[in-house]
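Coordinate analysis (summary)
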Amino acid sequence: MKMKRLLKAKERNVDVKKATVYAVVINGLQILLMAAIILATVLLPGTQISERLMEVLVVIAGAVVIWGATVDIREALSTRKLLTQVDDMDDTIDAMEEFNITLRAQRHDFLNHLQVVYSLMEMGDYAEANAYIEKVYGKITSVSRVMKTANPSVNALLQVKVAACEKLGIQVDVNIQSAWKDLPVPGWEMCKVLSNLIDNAADALEEIEAGNRRLSITLTEDLRAFRFEVSNNGPMIPVRSWQSIFQAGITTKSAGHGMGLFIVRKTLNDRGGDISVSSTAESTTFSGWIPKEITSLPAQE
């Protein structure tokens, strides 16, 4: 919650303050110029003002209006981008908080589990003790299997998404072959990419009968890039749609807005990476990558 307040404070104290100053100055100049023109042409009709001077005033007023509109649009876009980033960070923070609660609950229950197992073994009920250990082990591994990266934000997101998918009857396989150490982008930004892909995969599996829904998440790396794959056994995406689904406004869902995959590709492209899709009757896989060394950043950053 403290981090959320800091983000909101940053939003208020930086961009919003600057935009307010610009708005006051620019609109003040516009009012003064228009007042001068009105004063010269309407309130003081007897005053001799040359046509040339009037043209100069009109040109200056027009230039100020255009400049003001340009600055307002630029600041509006910048503020919109900041708000989007804050929303993405909020989602990541929520995931981390939920993940932290899960870990604390496991730590709290660990001693109780040990006491139960010890009691069962002391009573000689080894079969029940074994069954109990297997049950507890399953709960622990469901968390520990997503704790293999060096990025807490990614770990938290994977834990939350895996839990959400399993509630929907989706069997999730998390295959982490790399710790993703020294990831060259903010954790929340990669969370935005992975979150969109996992959510899309889960939506695609709605058409698959319960008990046969499968989703896999793979994180790897090589000498040049960090790589990831999100696969599902949902309906096949036609080859003719493999490129168009990354365009803004294109969606295969009845209630979708068609921005998820567009945001994913743009986020990766801005960092020098990319994403592609391949789909067969058996599975659909989104494969993405981001370079280990980013030579340039988006202009707005």
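Here's what I pulled together on the structure shown here. From a predicted model like this one, the values you see are computed outputs, not experimental measurements.

Of all hydrophobic cores here, the largest spans 38 residues; its most connected members are Leu-197, Leu-215, Phe-228 and Phe-286. Broken down by secondary-structure element, the contributors of at least two residues to this core are helix H4 (152-167), strand S1 (170-176), helix H5 (187-204), strand S2 (213-221), strand S3 (225-232), helix H6 (260-270), strand S4 (274-279) and strand S5 (284-291). If one sorts the elements of this core by residue count, H5 sits on top with eight residues. Excluding residues that lie within four positions of it along the chain, Leu-215 makes contacts with Cys-165, Ile-170, Gln-171, Val-172, Asp-173, Ile-198, Ala-201, Ala-202, Leu-205, Val-230, Ser-231 and Asn-232.

The next point concerns the packing of aromatic side chains. Summed over the entire model, instances satisfying the criterion amount to three aromatic pairs. Here the aromatic rings of Trp-180 and Phe-226 are separated by 6.2 Å at their centres, their planes lie at 75 degrees, and the arrangement is edge-to-face. Of this pair, Trp-180 sits in the loop between S1 and H5 while Phe-226 sits in strand S3, placing them 46 residues apart in sequence. The class for Trp-180 is buried, based on a relative accessible area of 1%. A residue is classified by how much of its surface remains accessible, and Phe-226, at 3% relative accessible area, is buried. For the cation-ring pair, Arg-265 lies above Phe-246, with the distance from its terminal atom to the ring centre recorded as 4.2 Å. Across the ring face of Phe-226, the terminal group of Lys-292 is positioned such that the distance to the ring centre comes to 5.3 Å.

Our next topic: the environment of Arg-265. Relative to the helices and strands, Arg-265 is located in helix H6. Overall, the relative accessible area of 17% leaves Arg-265 in the buried class. With eleven residues separating them along the chain, Arg-265 and Ser-276 place their C-alpha atoms 8.7 Å apart. Ignoring sequence-local partners within four residues, the contact set of Arg-265 consists of Gln-243, Phe-246, Asp-274 and Ile-275. A polar side-chain atom of Arg-265 sits 3.3 Å from a polar atom in the side chain of Gln-243.

Our next topic: a nonpolar patch on the surface. The grouping of Val-21, Val-25, Leu-29, Leu-32 and Trp-67 at the surface amounts to a nonpolar patch, some 470 Å² of accessible area in total. Per-element tally for the nonpolar patch: the top contributor is helix H1 (residues 2-43), with four residues. With respect to the helices, strands and loops of the structure, Leu-32 is situated in helix H1.

What counts and how
Residues numbered from 1 in each chain as written. Predicted model: local features only at pLDDT ≥ 70, side-chain atom pairs only at ≥ 80, totals over all residues. Heavy atoms only, no water. Core = buried A, V, L, I, M, F, W, Y, C linked by side-chain atoms within 4.5 Å. Buried < 20%, exposed > 50% of the residue type's maximum accessible area, 1.4 Å probe, protein only. Helix = DSSP H or I, 4+ residues; strand = E, 2+ residues; numbered from the N terminus. Contact = heavy atoms within 4.5 Å. Phe/Tyr/Trp six-rings, centres within 6.5 Å; stacked < 30°, edge-to-face > 60°. Lys NZ or Arg CZ within 6 Å of the ring centre and 35° of its normal. Polar contact = N/O pair within 3.5 Å; in protein donor to acceptor, adjacent residues only side chain to side chain. Patch = residues over 30% accessible without salt bridge, like charges linked within 9 Å, V, L, I, M, F, W, Y side chains within 5 Å. Areas by Shrake-Rupley, 256 points an atom, 1.4 Å probe, with all protein chains shown as cover. Salt bridge = Lys/Arg side-chain N within 4 Å of Asp/Glu carboxyl O.

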